[in-house]
Amino acid sequence: VIFVVWMGINIFLFVYYYLFYDQGPQFEYTRELLGSALPWARAPAAVLNFNCMLILLPVCRNLLSLLRGSFICCGRTMRKQLDKNLTFHKLVAYMIALMTAVHTVAHLLNAEWYTNSFQGQYGPLAGNLSMLDDSSELKTTYLNPVRSNSTTPTLLVFTTIAGLTGVVITLALILMITSSMEVIRRSYYEVFWYTHHLFIIFFAGLVFHGAGRIVRSQQVTDPPHNTSFCEDQPENWGKNPECPIPQFAGGFPQTWMWVIGPMIIYLCERLLRFIRYMQPVSYRKIVIRPSKVLELQLVKPGFKMAVGQYVFLNCPAISQLEWHPFTMTSAPEEDFFSVHIRSVGDWTEDLIKMVENLPEGGQGPKMAVDGPFGTASEDVFDYEVSMLVGAGIGVTPFASILKSIWYKFKDSDPKLRTKRIYFYWLCRETYAFEWFADLLQVLEKEMEERGMRDFLTYKLYLTGWDQSHVNHAMVHFDKDTDINTGLKQKTSYGRPNWDKEFEQVRQENPSSVVGTFLCGPQALAKDLEKKCVKYSEVDPRKTKFYFNKENF
């Protein structure tokens, strides 16, 4: 519905302003110079105004967290849309890119046609309109911004406010879009991060872009200039009372009115980030886990979190500008918050190296924290039954959830609605299981002591293995505990058969609403989303699956 409404508004704005500039009588003489390029330039401009207003809102994370909190009474459907903020951000960006291309091409044609009209290539009417000049005696205003035969289309583009700002805006947009490609964002995050800050130049250029008022419309005169009567006799303009010299003026710049609100909201976001940047953060514990994973336990005064939330971390010793998102692995019941950081890029590698080189008992580097921010995993306790699927380091939000469950059982929390949890963890390396195997052991023991073995069903899958792994497992098959994790639940080799897993959950919970939560790759997300649809019953009294995915 949100997509259809957004697309509907875009189509309406395009069609409305296309017809406005294509048929409006005040633009009849302008169309004489520019032809159909006029509406093709102005209609995309209206769509651009609307989308430039929207583009910043999905990345205002504090605003989204505030909205997420205010929709608690409105059901999970609205909150799920907020989790798709980055998808919407990309959609809006694609629309901006498309409309910019159309707008730019149309205005390049306009520059050509303005020049040709001034040179008299399009007939006497276009020539006379181009020769109209500002005159204090006749109080006329010009229509054609080209004022000299020496002015070329290139010169017009690079010497006018509209042209110069247009070039700057377009270059900034091209750099931002190309650096946002998946391959660059994953491999060269710093390139993406710094290039994306060209949005400051983009919006500055946008605000001043319309100040040149290069597209001009006919003004009402006294006596009025009858276009249909006068257009065939330009030699009589100013001589015939019915044909006073037409006057023109550029439209009032409107873009700033569209974007000023979101710009102020985003400025407040950055101000809040700066305030949080200045707040002290201390280390409670630093642990180097297997597979180059760093666990940081941090303490910050007044910090409050919910399960599955994430924070942005900044290490000034590495870069004062870079902020990176990490899901918290601690529970809200603990007096600290923790993150697990895997080495996947320059920033994380530098941080891990700094920590590894610390002297015994030394404090870690200065760290700034922005957040916490809400995610889909916050809703896990709103479901009677939850399926948690983590791939590799994607297990982090579920570590927070599982810890919180342990505390809730320990404190006999009466508000816990969840009756059953299915946890699936997919890893490529055996030593990755060591990150949270101790947590699962504690939970396993807790459930046994309380006679609630069915409450937590967890399955571990090793997706990267060779024959030596299998042979080793076969030799120790009779052991009570798993050779990789030390848990009673044995590790499976390969990937889950999701049809089998969903069918099992549906049979064991014949009348429940099941929340399926994923923190993992997009390919797995598409697969699980299809399974949620496939195994949901049409009858509302039977099992229904709802898919939720973590987005950063």
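Rules used throughout
- Residues numbered from 1 in each chain as written.
- Predicted model: local features only at pLDDT ≥ 70, side-chain atom pairs only at ≥ 80, totals over all residues.
- Heavy atoms only, no water.
- UniProt positions renumbered as here; feature names shortened; annotations may be inferred.
- Helix = DSSP H or I, 4+ residues; strand = E, 2+ residues; numbered from the N terminus.
- Rg over C-alpha atoms; globule rule 2.2 N^0.38 Å.
- Buried < 20%, exposed > 50% of the residue type's maximum accessible area, 1.4 Å probe, protein only.
- Contact = heavy atoms within 4.5 Å.
- Areas by Shrake-Rupley, 256 points an atom, 1.4 Å probe, with all protein chains shown as cover.
- Lys, Arg positive; Asp, Glu negative; His and termini not counted.
- Charge placed at Lys NZ, Arg CZ, Asp CG, Glu CD.
- Right-handed = clockwise from strand over helix to strand, strands pointing away.
- Pairing = 2+ DSSP bridges.
- pLDDT = per-residue confidence, 0-100.
- Expected span 1.5 Å × (residues − 1).
- Core = buried A, V, L, I, M, F, W, Y, C linked by side-chain atoms within 4.5 Å.
- Axes fitted to C-alpha atoms, helices over the stretch in contact; angles between N-to-C directions.

- The name an unreviewed UniProt entry gives the protein is NADPH oxidase 1, with Cyprinus carpio as the organism.
- Note on the protein: under the UniProt heading Subcellular location (unreviewed entry), the record states "Membrane".
- Listed in UniProt under the heading Catalytic activity (unreviewed entry), the comment for the protein reads: "NADPH + 2 O2 = 2 superoxide + NADP(+) + H(+)".

**Quick word on the overall build of the protein**
Next, step 1: Within the protein, the secondary structure is distributed over 20 helices and 14 strands.
Next, step 2: Relative to a compact globule of 552 residues, whose C-alpha radius of gyration would be 24 Å, the protein shows 31 Å and is clearly more extended.
Next, step 3: With respect to the three principal axes, the spread of C-alpha positions in the protein is 105 × 60 × 45 Å.
Next, step 4: Scored against the burial criterion, the 552 residues of the protein give a buried share of 48%.
Next, step 5: Restricting to contacts in the protein with at least 6 residues of sequence separation, those with at least 24 account for 74%.
Next, step 6: Carbon and sulfur atoms form 59% of the exposed surface of the protein, whose accessible area is close to 27,300 Å².
Next, step 7: The distance from the centre of the 54 positive side-chain charges to the centre of the 54 negative ones in the protein is 5 Å.

**Brief notes about the pairing of strand β9 (residues 385-391)**
Next, step 1: Counting buried residues along β9, six of its seven residues qualify, which places the element largely inside the surrounding structure.
Next, step 2: Taken together, β9, helix α16 (residues 396-410) and strand β10 (residues 420-427) constitute a β-α-β crossover, and its handedness is right-handed.
Next, step 3: Direction of pairing for β9 relative to strand β13 (residues 513-519): parallel, over a ladder of six bridges. By the bridge assignment, V385 is partnered in β13 with V514.

**Describing the environment of F517**
Next, step 1: Checked against the element boundaries, F517 lands in strand β13.
Next, step 2: In this structure F517 comes out as buried when scored by relative accessible area, which is 0%.
Next, step 3: Taking the C-alpha atoms as reference points, F517 and E550, 33 residues apart in sequence, are found 7.8 Å from one another.
Next, step 4: Ignoring sequence-local partners within four residues, the contact set of F517 consists of A376, S377, D379, V380, Y383, S386, M387, L388, V389, F398 and N548.

**With respect to the confidence of the model for the protein**
Next, step 1: Per-residue pLDDT for the protein has a mean of 84; in total, 91% of the residues score no lower than 70.
Next, step 2: Model confidence for the protein, summarised as mean pLDDT per element, is weakest for helix α18 (residues 467-475) at 65 and strongest for helix α1 (residues 2-23) at 95.

**Brief notes about helix α9 (residues 161-179)**
Next, step 1: Its 19 residues give α9 an end-to-end C-alpha distance of 27 Å, which sits within 8% of 27 Å, the value for a rise of 1.5 Å per residue.
Next, step 2: All buried positions along α9 are accounted for by A162, G163, T165, G166, I169, A172, L173, M176 and S179.
Next, step 3: On its buried face, α9 sits against α6 (85-118), α8 (153-159), α10 (182-187), α11 (189-196) and α12 (199-209).

**Side note on the nonpolar core**
Next, step 1: Membership of the largest hydrophobic core comes to 31 residues, with the highest contact counts inside it found for L388, I401, L402, I405, F423, W425 and L456.
Next, step 2: Secondary structure elements with two or more residues in this core: α16, β10, α17 (437-449), β11 (456-462) and β13.
Next, step 3: With eight residues, the single largest contributor to this core is α16.
Next, step 4: One finds V47, L54, L56 and V92 within the second-largest nonpolar core, a separate group that totals 27 residues.

**Overview of the UniProt feature "transmembrane region" (unreviewed entry) in the protein**
Next, step 1: UniProt's entry tags residues 5-21, 41-67, 88-109, 155-179 and 191-211 with the feature "transmembrane region" (unreviewed entry), counted in the numbering of this structure.
Next, step 2: Span residues 41-67 is 78% helix and 0% strand, its end C-alpha atoms 36 Å apart.

**Concerning the sheet that holds strand β8 (residues 368-373)**
Adjacent strands of a sheet form backbone hydrogen bonds with each other and so pair up, either parallel or antiparallel.
Next, step 1: The strand order across the open sheet formed by three strands is β6-β5-β8, and the pairing between neighbours is antiparallel. The open sheet has two edge strands with one neighbour each: β6 (324-327) and β8. Here the strands of the sheet are splayed against their neighbours by 30 degrees on average, with no regard to which way each runs.
Next, step 2: Note: strand β5 (residues 310-314) against β6, four bridges, orientation antiparallel.

**With respect to the sheet that holds strand β3 (residues 282-289)**
Next, step 1: Pairing is antiparallel in the open sheet, where three strands are placed in the order β3-β4-β7. Of all strands in the sheet, those with a lone pairing partner are β3 and β7 (337-342), marking the two edges. The mean inter-strand angle of the sheet, taken between neighbouring strand axes irrespective of direction, is 20 degrees.
Next, step 2: Relative to strand β4 (residues 293-299), β3 runs antiparallel, the two sharing seven bridges. Bridge assignment links I286 to a residue of β4, and that residue is L296.

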